[in-house]
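Given next are the chains, with one letter for each unit.
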Amino acid sequence: MKELYIEELERLQGLYEEQGMGEDEAQAMAEANAYDAMTDRLADMADRARDAAKYEDYDSNITGAGK
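Residues numbered from 1 in each chain as written. Predicted model: local features only at pLDDT ≥ 70, side-chain atom pairs only at ≥ 80, totals over all residues. Heavy atoms only, no water.

The number of helices and strands found in the protein is 2 helices and 0 strands. Counting across all 67 residues of the protein, residues that qualify as buried make up 16%. Accessible area of the protein: about 5,300 Å², with a carbon and sulfur share of 50%. (Helix = DSSP H or I, 4+ residues; strand = E, 2+ residues; numbered from the N terminus. Buried < 20%, exposed > 50% of the residue type's maximum accessible area, 1.4 Å probe, protein only. Areas by Shrake-Rupley, 256 points an atom, 1.4 Å probe, with all protein chains shown as cover.)

Turning next to the side chain of Gln13. Relative to the elements of secondary structure, Gln13 occurs in helix H1 (residues 2-18). Not counting chain neighbours up to four residues away, the residues in contact with Gln13 comprise Glu23, Ala26, Gln27 and Ala30. (Contact = heavy atoms within 4.5 Å.)

The next subject is the environment of Glu10. Structurally, Glu10 is set in helix H1. Between the alpha carbons of Glu10 and Ala30 there is a distance of 7.6 Å; along the sequence they are 20 residues apart.

Spanning 17 residues, H1 covers 24 Å between terminal C-alpha atoms, matching the ideal 24 Å at 1.5 Å per step. Every buried residue belonging to H1 is among Leu4, Glu8, Leu9, Leu12, Gln13 and Tyr16, and all of these are buried. Taken around the axis of H1, the buried residues stretch over an arc of 165°, which confines them to a single face. Pointing more than 90 degrees away from the buried face of H1 are the exposed residues Glu3, Glu10 and Glu18. Remark: Gly20 follows H1 within two positions and exhibits a positive phi of approximately 105°. (Expected span 1.5 Å × (residues − 1). Arc of directions from axis to C-beta.)

This part covers the nonpolar core. Leu9, Leu12, Tyr16, Ala26, Ala30, Ala34 and Ala37 together form the largest nonpolar core, which totals 7 residues. Counting only elements with at least two residues in this core, the list comes to H1 and helix H2 (23-63). At 4 residues, H2 tops the list of elements feeding residues into this core. Beyond its immediate stretch of four places on either side in the chain, Ala37 contacts Glu8, Arg11 and Leu12. (Core = buried A, V, L, I, M, F, W, Y, C linked by side-chain atoms within 4.5 Å.)

Together, Glu17, Glu18, Glu23 and Asp24 make up a negatively charged patch on the protein surface. Put simply, the parts of the chain that give the negative patch at least two residues each are H1 and H2. (Patch = residues over 30% accessible without salt bridge, like charges linked within 9 Å, V, L, I, M, F, W, Y side chains within 5 Å. Salt bridge = Lys/Arg side-chain N within 4 Å of Asp/Glu carboxyl O. Lys, Arg positive; Asp, Glu negative; His and termini not counted. Charge placed at Lys NZ, Arg CZ, Asp CG, Glu CD.)

The next point concerns the side chain of Glu8. Mapped onto the elements, Glu8 comes out in helix H1. Within polar-contact distance, the side chain of Glu8 engages the side chain of Arg11 at 2.7 Å. With sequence-adjacent residues up to four places away left out, Glu8 is seen in contact with Ala34, Ala37, Met38 and Arg41. (Polar contact = N/O pair within 3.5 Å; in protein donor to acceptor, adjacent residues only side chain to side chain.)

Any link to function would need more than the numbers given here.
If you want it as structure tokens, here you go:
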């Protein structure tokens, strides 16, 4: 999770700098928002994994695979 946090921190800092913030201000904003961005990303990953598992179960029931 530390790697994901660092990815989000760097991504957000880059976005804030692109919006015209100075480096220090962008870093402070990124630090303030990186944890929430990371947890949102983890939730999205979990949702996609759950949806993929549902689709796989549905597909195997339709085709008879896994029986």
